[in-house]
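Chains, contacts and geometry: an overview
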Number of protein chains: 2
Amino acid sequence: MVEEVKSRIVVQKYGGTSVGSAERIKEVAKRVIRHRDRGESIVVVVSAMSGETNKLVALINELNPTGSSREKDMILSTGEQVTIGLLSLALEAKGCPVISYTGPQAGVKTDNSFSKARISQIDGTKIKQDLSKGKVVVVAGFQGVDAEGNITTLGRGGSDTTAVALAVALDAAECQIYTDVDGVYTTDPRMVPEASHIPKLALEEMLEMASQGSKVLQIRAVEFAYKYDMPIRVLSSFDEGDNGKSTLVTREEDIMEEVLVRGVAFNRDETLLTITGVPDQPGVAFKILGPISDANIEIDMIVQNIGEDGSTDFTFTVHRDDHDQAKEILSSVGDKFNAEKVGGVTNIAKVSIVGGGMRSHAGVATRMFEALANENINIRMISTSEIKVAVLIDEKYLELAVRCLHEAFGLDKP
Amino acid sequence: MVEEVKSRIVVQKYGGTSVGSAERIKEVAKRVIRHRDRGESIVVVVSAMSGETNKLVALINELNPTGSSREKDMILSTGEQVTIGLLSLALEAKGCPVISYTGPQAGVKTDNSFSKARISQIDGTKIKQDLSKGKVVVVAGFQGVDAEGNITTLGRGGSDTTAVALAVALDAAECQIYTDVDGVYTTDPRMVPEASHIPKLALEEMLEMASQGSKVLQIRAVEFAYKYDMPIRVLSSFDEGDNGKSTLVTREEDIMEEVLVRGVAFNRDETLLTITGVPDQPGVAFKILGPISDANIEIDMIVQNIGEDGSTDFTFTVHRDDHDQAKEILSSVGDKFNAEKVGGVTNIAKVSIVGGGMRSHAGVATRMFEALANENINIRMISTSEIKVAVLIDEKYLELAVRCLHEAFGLDKP
């Protein structure tokens, strides 16, 4: 029987920059011990030391860039494994009882989509036993194991996902994501210096911010947190005293202040694909887009136009990394349907406004379009949800668009 | 049910230099494919790329050199994991079906002596299945998993041991050890340029050569091969065409030519420890040496002298790395027994002559002592077996001793 862990469980995640050197790892150890001394039970999730993954990728590319993802995952998963051992040694050196686990050892089960695996289950029994003995548990982010015992990696930003999923499995009080910024801002401060810090926002809003391109938290991690109602706190690992700013991302009822637009998110990660002159018949969308999904390529925005001649056009966006593969699939689908043309555009960007307050206020989208029109920025595609409006524009207008929207919705610092 | 593997199974092991760069890994892939094209079923065991382990050790030492071996093994085992993925990608790039396994995935079970674990069992079922499907199987050397699922490393030269143990588990035809030399020589050619290549020698002789300091094969690997009668072939990975020299190490009845002395082995790895003036009573050897063994420190040569006053002295050798720890243990044992003195000497070396022919010839040891006496080399300790005579001398005489013995037993090239 597992002894109950009586103290407050906190999962802390440190990214590559936060563990980028022996010195930085010592700083992380200090912080972990400070939290433990307060009586918290700490589980730490770490990424590979910054730069390490790139070195491994360079070796992979030298030998076989198009080789099997299983072997690439075998190689890439070593980065985090090194970090867990090093952080554990640093904690030991300060007298802190600790044990490290790789993803597979920690019971992080995934499907077998190598390089972008999804977590299917986490068995937290072993970790809870360690916590109840007073140990700090250090877990390798970004990785897991499939049903056949193969090592898998979770793909982009996977360590955030590991952290949140572990927090859920362990019923943690919160999941703390330590990064090189001290929280979420109304937009990227590197693009708009007037961007303001957001101390608290709703998981739903963060979900939209992340999916629209805010790099602070990884979308899949936020999805996990949203689904299981796990509060996430974003903090800077460069803040020495735990007294700095942070952003708490939690469920909506906890958010006092309701603002119309919370922030402006953007990304350059998407590219546009079009297929025109396809006969319009029932199921055509499925037949055209199905093969893309089957290749495990995520489609973001989709627009379908039906022409007067009974033919139809599809326009949709995919991640930049998947562009070539998606275009190839689309071309062979196009041949089958005698499509008029298959094309792709890569120099585009997406900019979005996000805010829970939109729900109860009409005219937000109109105000957005007006602001963009005032700057003569042409909109290629629009996609909306309850709490977001996203538009696709030419990449060259991106900075202009972000700045004018940030100002138009009064997000600049007071 | 596992399909039977009908072709000849060969296990090939490549050390750190042989896989030291992407270029070298491509060369290994070529050789593996050449062998596979001949109809052999190939299992490849690899070490970490040369230099990688040292980088990891440097990081470990920066954080906590005396930290727990479990965490160090967690870190060090990543080196081989990278190599198996890279070699698999290189093989894939040449159209060769392949799968890689870490030690734990390959079913290499060990005890839990982290940093010097011993293999307890290998389940070859999965690998045999892969071989029967025509795949090359690439396995990480040097590592395994204990009963609790912790990653362990096998310590010094562990990849050789993995290779031989796998060869035994898979009932392979032979275990090929690729290294930077083309076989076993009568002594180290870097010290004695006249050393001759040995095309074939007995496992027993190799066992003594390895245990006496020959660096070509790791002692534990030879022990494994000896116990399970697995032929080992030592080859150079720098020989491009598979036409070069090699040394086949096999059981004695296969060796035609019986020579008196096969070779001269030496090492600087041992240090001497002495404890004097211990009361001579039954069980004293156990009480004094037991705590050293309990600390998992191997004792090599032992001499006990009984004095006239009813007290006794012990002199023994341990590996240089274990000297400080052993001396500390010995001191506390010494206190308990009111020993006169506990001392240690580190500037010593061991030189040995090895040969199956010794068994049936008297006077070999005498001839050895004579040759050393002619050069005024003082002997500190002697240890003999059926097929070996080893002596401990001052380190500064080592090269002189090796050269004069090599000549005295007619081992120089014709």
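Residues numbered from 1 in each chain as written. Chains lettered and ligands numbered in written order. Predicted model: local features only at pLDDT ≥ 70, side-chain atom pairs only at ≥ 80, totals over all residues.

**Overview of the overall build of chain A**
For the record, the criterion: The way it works is that DSSP assigns letters per residue, a run of H or I at least four long becomes a helix, a run of E at least two long becomes a strand, and they are numbered from the N terminus. As a reference, a globule follows 2.2 Å times the number of residues to the power 0.38, and the radius of gyration itself is taken over C-alpha atoms. This entry defines residue contacts through backbone-placed C-beta atoms, with two residues in contact when those atoms are within 7 Å.
Looking only at helices and strands, chain A features 12 helices and 22 strands. Computed over its C-alpha atoms, the radius of gyration of chain A comes to 23 Å, within 12% of the 22 Å expected for a compact globule of 414 residues. When the backbone C-alpha atoms are referred to their principal axes, chain A occupies close to 75 × 55 × 40 Å. Excluding contacts between residues fewer than 6 apart, the proportion of contacts in chain A whose partners are at least 24 apart in sequence is 75%.

**Comments concerning the sheet that holds strand 22 (residues 388-394) of chain B**
Residue and element names in this part refer to chain B. Applicable threshold: Strands are treated as partners if at least two bridges between them are detected by DSSP. Between N-to-C directions, angles cover 0 to 180 degrees, with each direction set by a line fitted to C-alpha atoms, over the stretch in contact for helices.
If you walk across this open sheet you meet the 4 strands as 15-20-22-21, and the pairing is antiparallel. Looking at which strands have only one partner, the edges of the open sheet turn out to be strand 15 (263-267) and strand 21 (381-385). Taking each pair of neighbouring strands and ignoring which way they run, the sheet shows an average axis angle of 20°. Relative to strand 22, strand 20 (residues 348-354) runs antiparallel, the two being bridged by 7 bridges. Bridging from a neighbouring strand, V351 pairs with V391 of strand 22. This element, helix 11 (residues 364-374), spans strand 20, strand 21 and strand 22 of the sheet and lies at about 20° to strand 22. Each of strand 15, strand 20 and strand 22 is contacted by helix 12 (residues 398-408), which is oriented at about 10° to strand 20, the strand it contacts most.

**A few points about helix 10 (residues 323-336) of chain B**
What counts, and what does not: Expected span of a helix, by definition, is 1.5 Å for each gap between consecutive residues, and there is one gap fewer than residues.
When the terminal C-alpha atoms of helix 10 of chain B are compared, their 20 Å separation across 14 residues agrees well with the 20 Å that a helix rising 1.5 Å per residue should span. Just past helix 10 of chain B, the residue B:N338 takes up positive phi, approximately 50°.

**Structural notes on the relation of the copies chain B and chain A**
To keep it simple, the criterion reads: Here the copies were fitted onto each other by least squares, based on C-alpha atoms from residues at pLDDT of at least 70 in both.
Note on the copies: chain B fits chain A at an RMSD of 0.1 Å, the axial shift is 0.0 Å, and the rotation between them is 180°. In short, the pair behaves as if placed about a two-fold rotation axis. Using C-alpha coordinates, one finds that chain B approaches the rotation axis most closely at B:T78, a distance of 2.7 Å. With an isologous cut-off of 70% or more, the 100% of interface residues of chain B that recur at the interface of chain A puts this contact in the isologous class.

**What to know about the environment of A:I9**
All names here are of chain A. As a reminder, the rule being used: Once C-beta atoms are placed from the backbone, each residue is buried if 20 or more other C-beta atoms lie within 10 Å of its own, exposed if 12 or fewer, and partly exposed for counts between those two.
Within the secondary structure, I9 sits in strand 1 (residues 9-14). Under the C-beta neighbour-count criterion, I9 is labelled buried, with 23 such atoms within 10 Å. Distance in space between the C-alpha atoms of I9 and Y228 is 16 Å, their sequence separation being 219 residues.

**Describing the interface of chain B and chain A**
Heads up, the condition is: When residues are sorted by character, Ala, Val, Leu, Ile, Met, Phe, Trp, Tyr, Cys and Pro go into the nonpolar class, Asp, Glu, Lys and Arg into the charged class, and all the rest, Gly among them, into the polar class.
Listed by partner, the interface residues are 28 residues for chain B and 28 residues for chain A. Top contributing element to the side of chain B that touches chain A by residue count: helix 4 (residues 78-93) of chain B, with 11 residues. Looking at the side of chain B that touches chain A, its residues break down into 14 nonpolar, 10 polar and 4 charged.

**What about the sheet that holds strand 14 (residues 246-250) of chain B?**
Residues and elements named next belong to chain B. Read across the open sheet, the 8 strands follow the order 3-6-2-1-9-13-14-12; overall the sheet is mixed. With one partner strand each, in any of the chains shown, strand 3 (98-101) and strand 12 (200-202) form the two edges of the open sheet. Strand after strand, the sheet turns through a mean of 20° between neighbouring axes, direction not considered. Sheet topology places strand 12 next to strand 14; 3 bridges connect them, and they run parallel. Along strand 14, the bridge assignment pairs L201 with V249. Packed on one face of the sheet, helix 4 meets strand 2 (41-46), strand 3 and strand 6 (136-140) and runs near 160° to strand 6. With respect to the sheet, helix 7 (residues 203-211) is in contact with strand 12 and strand 14, its orientation differing from that of strand 12 by roughly 85°.

**Remarks on the packing of helix 7 (residues 203-211) of chain A against helix 8 (residues 219-228) of chain A**
Residues and elements named next belong to chain A. Which entries qualify depends on this criterion: In this scheme, roughly parallel covers angles under 35 degrees and roughly antiparallel covers those over 145, while 65 to 115 is roughly perpendicular and the rest are oblique. Crossing handedness follows the turn of the near helix against the far one: under a right angle anticlockwise gives a left-handed crossing, and clockwise gives a right-handed one.
Two numbers describe how helix 7 lies on helix 8: the axes approach to 9 Å, and their chain directions differ by 160°. Here helix 7 lies roughly antiparallel to helix 8, going by the angle between them. Helix 8 is crossed by helix 7, and the crossing has left-handed handedness. Note on element contacts: helix 8 touches helix 7 through I219, V222, E223, A225 and Y226, opposite L203, E204, M206, L207, A210 and S211. Its residues assigned to classes, the contact of helix 7 with helix 8 shows 8 nonpolar, 1 polar and 2 charged.

**Thoughts on the confidence of the model for chain A**
The condition that has to hold: On a scale of 0 to 100, pLDDT captures the predictor's confidence in every residue.
Mean pLDDT over chain A: 91, with 97% of residues reaching 70 or higher. With a pTM of 0.84, the predicted complex shows an ipTM of 0.83.

**Here's the deal with the packing of helix 1 (residues 22-37) of chain A against helix 4 (residues 78-93) of chain A**
Residue and element names in this part refer to chain A. The contact between helix 1 and helix 4 brings their axes to 9 Å, and the two run at 60°. Between helix 1 and helix 4, the crossing angle belongs to the class labelled oblique. Between helix 1 and helix 4 lies a crossing whose hand is right-handed. The segment helix 1 lies against helix 4, with I25, K26, V28, A29 and V32 engaging L86, L87, A90 and L91.

**Comments concerning helix 7 of chain A**
Residues and elements named next belong to chain A. In terms of residue burial, helix 7 counts as a mostly covered element, since 9 of its 9 residues are buried. Considered for burial, the residues of helix 7 that qualify are L203, E204, E205, M206, L207, E208, M209, A210 and S211. Just past helix 7, the residue G213 takes up positive phi, approximately 125°.

**A few points about the nonpolar core**
Put simply, the rule reads: A set of buried Ala, Val, Leu, Ile, Met, Phe, Trp, Tyr and Cys residues, joined to one another through C-beta atoms within 7 Å, is what we call a nonpolar core.
One finds A:L87 and B:L87 to be the most contacted residues of the largest nonpolar core, which totals 250 residues. The residues contacting A:L87, other than those within four sequence positions of it, are A:V19, A:I25, A:V28, A:A29, A:V44, A:V46 and A:V138.

**Let's talk about unusual backbone geometry**
Positioned with a positive phi, A:D229 is a non-glycine residue whose angle comes to about 60°. As for its placement among the helices and strands, A:D229 is situated in the loop between helix 8 and strand 13 (232-236). Unusually for a residue other than glycine, B:S115 sits at a positive phi of about 75°. Here B:S115 lies in the loop between strand 4 (108-110) and strand 5 (119-122).

**Let's talk about the environment of A:E27**
Secondary-structure assignment places A:E27 in helix 1. By the C-beta count within 10 Å, which is 17 here, A:E27 ends up partly exposed.

**A few points about the pairing of strand 1 (residues 9-14) of chain B**
Strand residues, when the strand is regular, have side chains that alternate between the two faces of the sheet. All names here are of chain B. What counts here: A crossover counts as right-handed when, viewed with the strands pointing away from the observer, the path leading from the first strand over the helix to the second turns clockwise.
Counting buried positions along strand 1 yields 6 of 6 residues, so the element is predominantly enclosed. Where strand 1 meets strand 2, 6 bridges bridge the pair, whose relative direction is parallel. If you follow I9 over to strand 2, its bridge partner there is S41. With respect to chirality, the unit in which strand 1 leads through helix 1 (residues 22-37) into the neighbouring parallel strand 2 is right-handed. By the bridge criterion, 5 bridges tie strand 1 to strand 9 (residues 174-179) in an arrangement that is parallel. For V11, the partnering residue across the bridge sits in strand 9 and is C175.

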